[in-house]
Amino acid sequence: MNAPQRQADQEPQASPDNDAQQTPEASPPPEAATSQITIQTAAPAETNSDLTAALETWRARLSAAGVSCRAVAFHNDDARWNHDFASDQPDAARLAETWAQLRARISPENPVALGKLDATASSDLLMATSLQLPDGRAGIVGALLVPPHNERTIQLVLLSLGWLQLAISAASLVHNQRAARLLELLGHVGSQREARTAAQEWVNRSAAWARAEAPALTELALTLFEVRRQTPHWWVAADTAWAEKASPTVQEAAEVASRAMAEIREIRLPSWWAMPLLDDGEAVAVLVARSDGTPLPDEALAVLRASANLSEPLLRHWREANRSLWRHVLDSIRSAWRKLRGPGHFTWKAVASGLAVLLAVLVLWPVTDRVTANLVIEGHVRQVITSPFDGFVVKALVRPGDRVQQGQALLRLDDRELLLEQAKFRSERDQAAGKLRQAMSERDAPALALATAEVRQSEAQLALVEAKLMRAELLAPMDGLVISGDWVQQIGSPVETGKEMFEIATIDAYRVVLHVPDRDITRVQVSQHGLLRLAGQPHTSYGFKVSNVTAIAGVQDGDNGFRVEAVWDGAAPALNPGMQGVGKIEVGSSSLLTIWTRRSIDWLRLKFWTWWW
């Protein structure tokens, strides 16, 4: 706010060497020498108003010094520092034209320009001279002087420009000092640990500052109310950390705060003043001041307004940040509800409508519910070929993926030891047969019985060895496809009796084996249909039908599951056993929300049951 202007007859106490070309010192001029005019650089309208007041004061001082000045003007490229001659002046068009011509003649080499409105001796004299602004830029001052004109008149005008420049600089200095004090106040507020302590520090210092700006006040009480649920609540008061909320003074201050909040404007009464502090058009706090019965001076109100506008947003965000989590959630819900119910906020309402439609679709729209499981293709019939005896691999004739026919040789084992055993057992059999013939010729009954037993034993051992020799070459038991057993790179490897050497599957019929996770196995039933896609044919889907749900469990990729067998629904494509893919079994219909949240809800149920019981 602007300070009261000094009387025009007070002479400036400037240095003697101050003239129209010099900038005054940075130190503030004496109180009696300056007209304290606040030059606000933030708002163009306020700056122009203050400049007008400064120019009018300067014109009054010229008249007091004996120089008749009809009108004054100021020109600068910045609109905030422009003040034209009044349009009601006589011959205003000629005045504006002459004023433009004189401004064009002003330069650093020619700081003063004079011109008359017409050629008559009684014509007004228009004088233009440069003047430096507080920010270092140059402006042009114009004065319309009434006759008579002489050299002394020009000198008095030039000398008085020193006062004008000093007054503008002093007013700018006062504004800068106020800004520095506001920043200092904000620093004290921000250094506190809690929002309430910071608010108490703010109202105490703001009240002390307002009292200093208005020494005539004998009493100034300052109270800050916070608005909750459209009702002002006492928060802090100056010079005290607590107050009786039911006291008459607090109740009266609350009534004034309620009125200011309802009217969304300042309230000025003989003993009271209240200002609502707004956020997004709504009152979030109210600052209330009580005086000694006289209205608060403009100087004190300017301090309170500036301090509140600067500090209250910090306190508000601080106070909101200190709320509990539940209070944050509740306030957010209330704020969103007010936006949805109140006028405006079309974006919020459109988003809420879209979310409502989306939620309705998720909850009410039924879709096919499916169980997803990994699968592998197996032959309908599979046979495993094992090693008939301990030995070594001599030759491998097929590899996995080869098609074989029944009786085709697959692998040969080393039979050299068996041949030696065959020769050995044949020799023993021949010897036992000789003993048998001798005992028969001698009619020796005991020797005959012993020889007969030896012959039978030798023949049995020989038959066993010959059977192994016949199986030394592994043959395909049926037509099919070799799906396991790669011995080509393992020639000479030892094998044990019963070791799995090959697995052969039929190629004329396949079955689908799915690994269903145990969390979904209860929803899978025989005769349910589904679709599958193979890793080698991801672009094509094939139908299948569940044929058997077994009790065989296994772990696959760290996920426990059960074996579910299915048959092709229709003609089987050209496939190979061992191909893998993903199958989806249709187990009914559910909403999208149920499908998407089923796994999480089941996990929570299990955890809750575990913790609770």
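Small disclaimer: the values here were computed from a predicted structure and weren't measured.

> What am I meant to see in the overall build of the protein chain here?
Across its full length, the protein chain carries eleven helices and 23 strands. Of all 613 residues assigned to the protein chain, the portion counted as buried reaches 37%. Pairs at least 24 residues apart make up 67% of the contacts formed inside the protein chain by residues separated by at least 6 positions.

> Can you help me understand the side chain of E226 in this one?
For E226, the location among the structural elements is in strand 5 (residues 220-228). The exposure class of E226 is buried, given its relative accessible area of 11%. At 2.4 Å, the side chain of E226 and the side chain of R228 are in polar contact. Apart from residues no more than four positions distant in its own chain, E226 is found in contact with T231, P232, H233, W235, V284, A285 and R319.

> Sorry if this is basic, but what is going on with a nonpolar patch on the surface here?
On the surface, L325, W326, V329 and I333 cluster together into a nonpolar patch covering about 500 Å² of accessible area. Relative to the helices and strands, V329 is located in helix 7 (residues 325-341).

> How should the nonpolar core be read in this particular structure?
As a rule of thumb, nonpolar side chains are buried together in soluble globular proteins. Core analysis: the largest hydrophobic core is formed by 30 residues, its most contacted members being W202, L222, L224, W273 and L287. Counting residues per element, the ones that place at least two in this core are helix 3 (151-190), helix 4 (195-213), strand 5, strand 6 (231-237), strand 8 (272-279), strand 9 (282-291) and helix 6 (298-321). Ranked by residue count, the leading element in this core is helix 4, at seven residues. Contact partners of W202, with chain neighbours within four places excluded, come to L185, V189, L224, L287, S307, A308, S311 and L315.

> Where do I start with the confidence of the model for the protein chain in this structure?
Any region with low pLDDT has predicted coordinates that should not be read closely. The predicted model of the protein chain has a mean per-residue pLDDT of 80, with 88% of residues at 70 or higher. The low-confidence segment residues 1-47, where pLDDT is below 50, has 85 contacts with residues more than four positions distant or belonging to other chains.

> Would you take a moment to explain helix 11 (residues 592-612) for this structure?
Because the α-helix completes a turn every 3.6 residues, residues three or four places apart line up on one side. For helix 11, spanning 21 residues, the distance from its first C-alpha to its last is 30 Å, which sits close to the expected 30 Å at 1.5 Å a residue. Its axis deflected by about 50 degrees at R598, helix 11 carries its strongest bend there.

> Please clarify how unusual backbone geometry should be interpreted in this entry.
A cis geometry characterises the amide bond from P147 onward to P148, with omega recorded as 5 degrees. Counting through the fold element by element, P148 comes out in the loop between strand 4 (138-145) and helix 3. Phi at I264 takes a positive value of approximately 55 degrees, unusual for a residue other than glycine. Position of I264 among the secondary structure elements: in the loop between helix 5 (248-263) and strand 7 (267-268). Given a relative accessible area of 37%, I264 falls into the partly exposed group. Notably, S527 is not glycine yet its phi reads approximately 80 degrees, a positive angle.

> Please explain the packing of aromatic side chains as it appears in this structure.
Each aromatic ring pair is summarised here by two numbers: the centre-to-centre distance and the angle between the ring planes. Taken as a whole and judged by the stated rule, the model has three aromatic pairs. Taking the centre distance of 5.9 Å and the plane angle of 90 degrees together, the rings of Y542 and W568 count as edge-to-face. Of this pair, Y542 sits in strand 21 (residues 537-556) while W568 is found in strand 22 (residues 559-568), placing the two residues 26 residues apart along the sequence. Residue class for Y542 comes out buried when judged on its relative accessible area of 16%.

> Looking at this model, I keep getting lost on the sheet that holds strand 3 (residues 125-132). Mind explaining?
Sheet strands pair by backbone hydrogen bonding; their relative direction is either parallel or antiparallel. Judged by pairing direction, the sheet is antiparallel, and its four strands sit side by side in the order 1-4-3-2 without closing on themselves. A strand with exactly one partner marks an edge of an open sheet, and here the two such strands are strand 1 (69-75) and strand 2 (112-116). Each strand of the sheet is rotated relative to its neighbour by a mean of 20 degrees, with strand direction disregarded. Relative to strand 3, strand 2 is paired through five bridges, and the arrangement is antiparallel. Counterpart to L114 in the pairing with strand 3 is M127. Across the face of the sheet, helix 2 (residues 92-105) comes into contact with strand 1, strand 2, strand 3 and strand 4 while running at roughly 155 degrees to strand 2.

> Sorry, what's going on with the side chain of H515 here?
The residue H515 is located in strand 19 (residues 510-517) in this model. Of note is the side chain of H515, whose polar atom sits 3.1 Å from the backbone oxygen of D559. The contact partners of H515, leaving out residues within four places of it in the chain, are A373, N374, G554, V555, Q556, D559, N560, G561 and F562.

> Explanation requested: the sheet that holds strand 8 in the structure shown.
A sheet is described by the order of its strands in space; here five strands give the open sequence 6-5-9-8-7, paired in antiparallel fashion. Strands at the two margins of the open sheet, each flanked by one partner only, are strand 6 and strand 7. The pairing of strand 5 with strand 9 spans seven bridges and is classified as antiparallel. Across the sheet, the residue bridging to L220 is S291, located in strand 9. On the sheet, helix 4 packs against strand 5, strand 6 and strand 9 and is oriented at approximately 75 degrees with respect to strand 6.

> Can you walk me through the packing of helix 9 (residues 416-442) against helix 10 (residues 445-470) in this structure?
Remark: helix 9 packs on helix 10, axes separated minimally by 8 Å, with the N-to-C direction vectors making an angle of 160 degrees. As far as their axial angle goes, helix 10 and helix 9 are roughly antiparallel. When you trace helix 9 past helix 10, the crossing you get is left-handed. Class assignment for the residues of the contact of helix 9 with helix 10 results in 15 nonpolar, four polar and nine charged.

> Would you explain the pairing of strand 19 in this entry?
Regular strands place side chains that alternate from one sheet face to the opposite one. Among the eight residues of strand 19, seven are classified as buried, and the element is accordingly described as predominantly covered. Sheet topology places strand 10 (residues 366-379) next to strand 19; six bridges connect them, and they run antiparallel. When the sheet's bridge partners are listed, E378 is paired in strand 19 with R511.

> I'm lost on the environment of I385 in this one. Help?
Note on placement: I385 falls in strand 11 (residues 382-386). Spatially, the C-alpha atom of I385 lies 8.0 Å from that of I504, the residues being 119 residues apart in sequence. The contacts of I385, once residues within four sequence positions are left out, are L410, L474, L475, A476, P477, K499, E500, M501, F502 and I504.

> Looking at this structure, how should I read the pattern of salt bridges?
It is possible for side chains of opposite charge to pair when their charged atoms get near one another. Per the counting criterion, the structure on display carries 24 salt bridges. The partner of R259 in a salt bridge is E263, and the shortest N-O contact between them spans 3.3 Å. Here R259 pairs with E263, and both are found in helix 5, just four residues apart, close to one helical turn. We classify E263 as partly exposed; its relative accessible area is 34%. Notably, a salt bridge pairs D559 with R519, separated by 3.7 Å at the nearest N-O pair. Here D559, found in strand 22, pairs with R519, found in the loop between strand 19 and strand 20 (529-534); they are 40 residues apart in sequence, far enough to count as distant.

> I keep staring at the packing of helix 7 against helix 8 (residues 346-364) and nothing clicks. Help me out?
Running from amino to carboxyl end, helix 7 crosses helix 8 at an angle of 100 degrees, the nearest separation of the two axes being 8 Å. On the basis of the axis angle, helix 7 is roughly perpendicular to helix 8. Mapping the contact onto sequence places A336, K339 and L340 in helix 7 and W348, K349 and A352 in helix 8. Grouping the amino acids of the contact of helix 7 with helix 8 by side-chain chemistry returns four nonpolar, no polar and two charged.

Parameters and conventions
Residues numbered from 1 in each chain as written. Predicted model: local features only at pLDDT ≥ 70, side-chain atom pairs only at ≥ 80, totals over all residues. Heavy atoms only, no water. Helix = DSSP H or I, 4+ residues; strand = E, 2+ residues; numbered from the N terminus. Buried < 20%, exposed > 50% of the residue type's maximum accessible area, 1.4 Å probe, protein only. Contact = heavy atoms within 4.5 Å. Polar contact = N/O pair within 3.5 Å; in protein donor to acceptor, adjacent residues only side chain to side chain. Patch = residues over 30% accessible without salt bridge, like charges linked within 9 Å, V, L, I, M, F, W, Y side chains within 5 Å. Areas by Shrake-Rupley, 256 points an atom, 1.4 Å probe, with all protein chains shown as cover. Salt bridge = Lys/Arg side-chain N within 4 Å of Asp/Glu carboxyl O. Core = buried A, V, L, I, M, F, W, Y, C linked by side-chain atoms within 4.5 Å. pLDDT = per-residue confidence, 0-100. Expected span 1.5 Å × (residues − 1). Bend = angle between axes of the 7 residues up to and from the residue. Phe/Tyr/Trp six-rings, centres within 6.5 Å; stacked < 30°, edge-to-face > 60°. Pairing = 2+ DSSP bridges. Axes fitted to C-alpha atoms, helices over the stretch in contact; angles between N-to-C directions. Parallel < 35°, antiparallel > 145°, perpendicular 65-115°, else oblique. Left-handed = near helix turned anticlockwise from the far one by under 90°. Nonpolar A, V, L, I, M, F, W, Y, C, P; charged D, E, K, R; others polar.

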